[in-house]
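# Structure at a glance
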Amino acid sequence: MGKSGVNSMYISHTSDGVCVFKCLLNRDTECCRVGKESVLITLGYSSALLKFESHAEFSSFSNTLKRCWNKKNEYSVFSQRTEEASAAQYFQFYGCISQQQNMMQDFVRTATYHRAILQNHVDFRDKIVLDVGCGSGILSFFAVQAGAKRVYAVEASSVAQYAEMLVKNNHLSDKIIVLPGKIEEISLPEAVDVIISEPMGYMLFNERMLESYLHSKKWLKTNGMMFPTFSDIHLAPFSDEQLYMEHYSRANFWCQQCFYGVNLSSLRGAAVDEYFRQPIVDTFDIRILMARSVKYTVNFMDAEEADLHRVEIPFVFRMVQSGLIHGLAFWFDVAFVGSLVTVWLSTAPTEPLTHWYQVRCLLQTPLFAKEGETLSGKVLFVANKRFA
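Residues numbered from 1 in each chain as written. Predicted model: local features only at pLDDT ≥ 70, side-chain atom pairs only at ≥ 80, totals over all residues. Heavy atoms only, no water.

### Some thoughts on the overall build of the chain
Broken down by element type, the chain carries 10 helices and 18 strands. Here the chain holds 388 residues, and 47% of them are scored as buried. Taking the intrachain contacts of the chain between residues at least 6 apart in sequence as the baseline, contacts between residues at least 24 apart amount to 72%. Here the chain displays about 20000 Å² of accessible surface, and carbon together with sulfur accounts for 53% of that area. (Helix = DSSP H or I, 4+ residues; strand = E, 2+ residues; numbered from the N terminus. Buried < 20%, exposed > 50% of the residue type's maximum accessible area, 1.4 Å probe, protein only. Contact = heavy atoms within 4.5 Å. Areas by Shrake-Rupley, 256 points an atom, 1.4 Å probe, with all protein chains shown as cover.)

So this is what it looks like as C-alpha cells:
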C-alpha cells in the first residue's frame, strides 16, 4: 500500500501462480467497513471488496491503514502528550525480551494477576477482552484460561511480534488477536466486556501508562469491568540520616577549588539541587516511618485522562515518634474487583518485594518533629511530555 496521488488497482500473478491484488491509496480514497470482516475500497469508477478470513487479519489491515493516514492527519492523543524521542526510548526498552522476563519473574505481580483473573472466571467466560499494553501477552493467556471468547492484545513496542509467536505456538490464534500499535491510535472491530492491563509505574504514575489505560475505556461496554479497578497511593514521612548524608555527600565533588587547576565550587549548589530532585527507588525498613500513611485513591472506572495531568494530594500526619523528617516515602496498592472476589496487589514495605519497590523523595532541609505533633501540606504530581 503506497501513499500516492494516483488512484489505481490491478491484479497480478506471482511466479508460483498466486493472485495478488494491488492498489495505491491516498488520503482521499473512499474506504468503508462492510460487515464484521470486510472492507470496501473505491478508486474512481472501480471498487474492490476485501474479505478477510479472521478478525485478526481484518484488524491488522484496518490498523495498518489507520496508521498510514495518521502520519498525515492530526496527532493522536498519545502524540500530543508525549515527546517523540521519549516515546521511542520507552518502547525500545519494553521491546526487549529481557525486560518482559523481569516483569514476568516478579512472582507477586504475575501470580496476583493470575489469581485475580482465574478466581473471577465468571467475569471472563465467553467475554470479549482488551489487553492494553500486552507485552508478552501473559495476561491475555490468563484471560483465555478463564474462558474468554476473544482477546484483543494491543502492544505498541516491537515485543508485539514475540507475543504473536507465543500465541501461534500455543495454538490460540483463534482466541488472542495481537494488534501492534498504541491504544490511542488502533481500532477494534467491537466493544469489549473487560479491560485488563498492567499500567502501574514507580510511585503509580510514572511512565504515564495509566492515561492509556483510561483512554482504552472508549472501547468498554456499559457496565464493563476493568482489572485493575482502582488504586491507592500511600505516602508517609520517614527518617533516614544515612540516606540523607549519602546524597548530600555526592555533591561534595563540586566543592573542589583546584580540580586540575579549575575551581568547581560554583556548581555545588546546582549539584545538590539535582541530586535531591531525583526520587530514590529502593526498599526500606518500616521502622523509619514516623507516622501512619495517608492514602489517595484513583478509581479507574470513573477517572478521566485529564485527571492524571495534575494530581494534588493533601496530607496531615500525626507523628508517632520524634526526630528529623528527611522526606516522604511512597507506595501503592491496586484492587481487582471481580464478581466473586476482590484481589489486592500491594507494593507496601510490609509486603513481599516487587519490581516496583518503593519510592522516597528527600527534603534538602530536614524538618524536626516531636511525637504527637502534626505535619500538614500537599504533594503535587504534574505530568510532563516524557515518560515520567
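After that view, the rundown keeps rolling.
### Considerations on the side chain of Ser216
The residue Ser216 is located in the loop between α8 (209–215) and β10 (220–227) in this model. Assessed through its relative accessible area of 0%, Ser216 is described here as buried. In terms of polar contacts, Ser216 uses its side chain to reach the backbone carbonyl oxygen of Tyr213, at 2.5 Å. Setting aside its immediate chain neighbours within four residues, Ser216 contacts Leu130, Val132, Ile183 and Ile195. (Polar contact = N/O pair within 3.5 Å; in protein donor to acceptor, adjacent residues only side chain to side chain.)

### Some details on the packing of helix α9 (residues 241–250) against helix α10 (residues 268–277)
Following both chains from N to C, one finds α9 and α10 inclined at 140°, their axes separated by 8 Å at the closest point. The pairing of α9 with α10 is recorded here as oblique in orientation. Judged by the twist between their axes, the crossing of α9 over α10 is right-handed. Counting all contacts with α9, which are made through Tyr244, His247, Tyr248 and Arg250, the residues of α10 involved are Arg268, Val272, Tyr275 and Phe276. (Axes fitted to C-alpha atoms, helices over the stretch in contact; angles between N-to-C directions. Parallel < 35°, antiparallel > 145°, perpendicular 65-115°, else oblique. Left-handed = near helix turned anticlockwise from the far one by under 90°.)

### Topic: the confidence of the model for the chain
A low pLDDT means the predicted coordinates there should not be read in detail. Looking at the chain as a whole, its pLDDT mean stands at 87, while 80% of the residues score no less than 70. Low pLDDT (under 50) marks residues 1–7, which in the prediction has 21 contacts with non-local residues, meaning those over four places away or in another chain. (pLDDT = per-residue confidence, 0-100.)

### Focus on the sheet that holds strand β8 (residues 176–180)
Within the open sheet, the 5 strands sit side by side as β8-β7-β6-β9-β10. Their pairing is parallel. Only two strands of the sheet have a single neighbouring strand rather than two, namely β8 and β10. Geometrically, the sheet is characterised by an average inter-axis angle of 20° between neighbouring strands, direction not taken into account. Sitting on the sheet, helix α7 (residues 160–169) touches β7 (150–155) and β8, and the angle it makes with β8 is about 165°. (Pairing = 2+ DSSP bridges.)

### Brief notes about the pairing of strand β14 (residues 310–318)
Along β14, the buried face is formed by Val311, Ile313, Phe315 and Phe317; none of Arg310, Glu312, Pro314, Val316 and Arg318, which line the opposite face, is buried. Pairing of β14 with strand β18 (residues 374–382), which is carried by 9 bridges, proceeds in the antiparallel orientation. Pairing of Glu312 across the sheet is with Leu380, part of β18.

### Points about the pairing of strand β11 (residues 230–238)
Most of β11 sits inside the fold, with 8 of its 9 residues counted as buried. One ladder, built from 6 bridges, connects β11 with strand β13 (residues 294–299); its direction is antiparallel. Its bridge partner being in β13, Ser231 is matched across the sheet by Val298. For β11 and strand β15 (residues 323–337), the ladder comprises 9 bridges, and the chain directions are antiparallel. Bridging from a neighbouring strand, Ser231 pairs with Val334 of β15.

### Concerning the pattern of salt bridges
In the structure shown here, the tally under the stated rule is 10 salt bridges. Between Glu211 and Arg208 there is a salt bridge, and its shortest N-O distance comes to 2.7 Å. What makes Arg208 buried here is its relative accessible area of 7%. One salt bridge connects Lys295 with Asp232, and the closest N-O pair in it is separated by 3.6 Å. Taken together, the residues Lys295 in strand β13 and Asp232 in strand β11 connect sequence positions 63 residues apart. For Lys295, a relative accessible area of 51% puts it in the exposed group. A single network of salt bridges, built from pairs that share partners, joins Asp240, Asp282 and Arg360. (Salt bridge = Lys/Arg side-chain N within 4 Å of Asp/Glu carboxyl O.)

### Comments concerning unusual backbone geometry
A cis geometry characterises the amide bond from Phe227 onward to Pro228, with omega recorded as 5°. The topology assignment puts Pro228 in the loop between β10 and β11. For Glu207, which is not a glycine, the phi torsion comes out positive at approximately 80°. Looking at the secondary structure, you find Glu207 in the loop between β9 (192–197) and α8. In this structure Glu207 comes out as buried when scored by relative accessible area, which is 17%. Positioned with a positive phi, Arg208 is a non-glycine residue whose angle comes to about 60°. Within the secondary structure, Arg208 is located in the loop between β9 and α8.

### A few points about the environment of Gly133
Inspection of the secondary structure assignment puts Gly133 in the loop between β6 (128–132) and α6 (138–145). Between the C-alpha atom of Gly133 and that of Tyr213, which follows or precedes it by 80 residues, the distance is 8.5 Å. In this structure, Gly133 is in contact with Val154, Glu155 and Met209, ignoring residues within four places of it in sequence.

### Structural notes on the packing of aromatic side chains
Following the criterion strictly, the structure yields 15 aromatic pairs and no others. Seen in terms of ring centroids, Phe230 and Trp344 are 5.4 Å apart; in terms of plane orientation they differ by 85°. Their pairing is edge-to-face. Placement of Phe230 in strand β11 and of Trp344 in strand β16 (residues 342–346) is noted, with a sequence separation of 114 residues between them. Relative accessible area serves as the criterion here: at 41%, Trp344 is assigned to the partly exposed category. Taken together, Tyr113, Phe124, Phe227 and Phe336 form an aromatic cluster joined through their ring pairs. Taking NZ or CZ as reference, Arg360 lies 5.1 Å from the ring centre of Phe238, over its face. (Phe/Tyr/Trp six-rings, centres within 6.5 Å; stacked < 30°, edge-to-face > 60°. Lys NZ or Arg CZ within 6 Å of the ring centre and 35° of its normal.)

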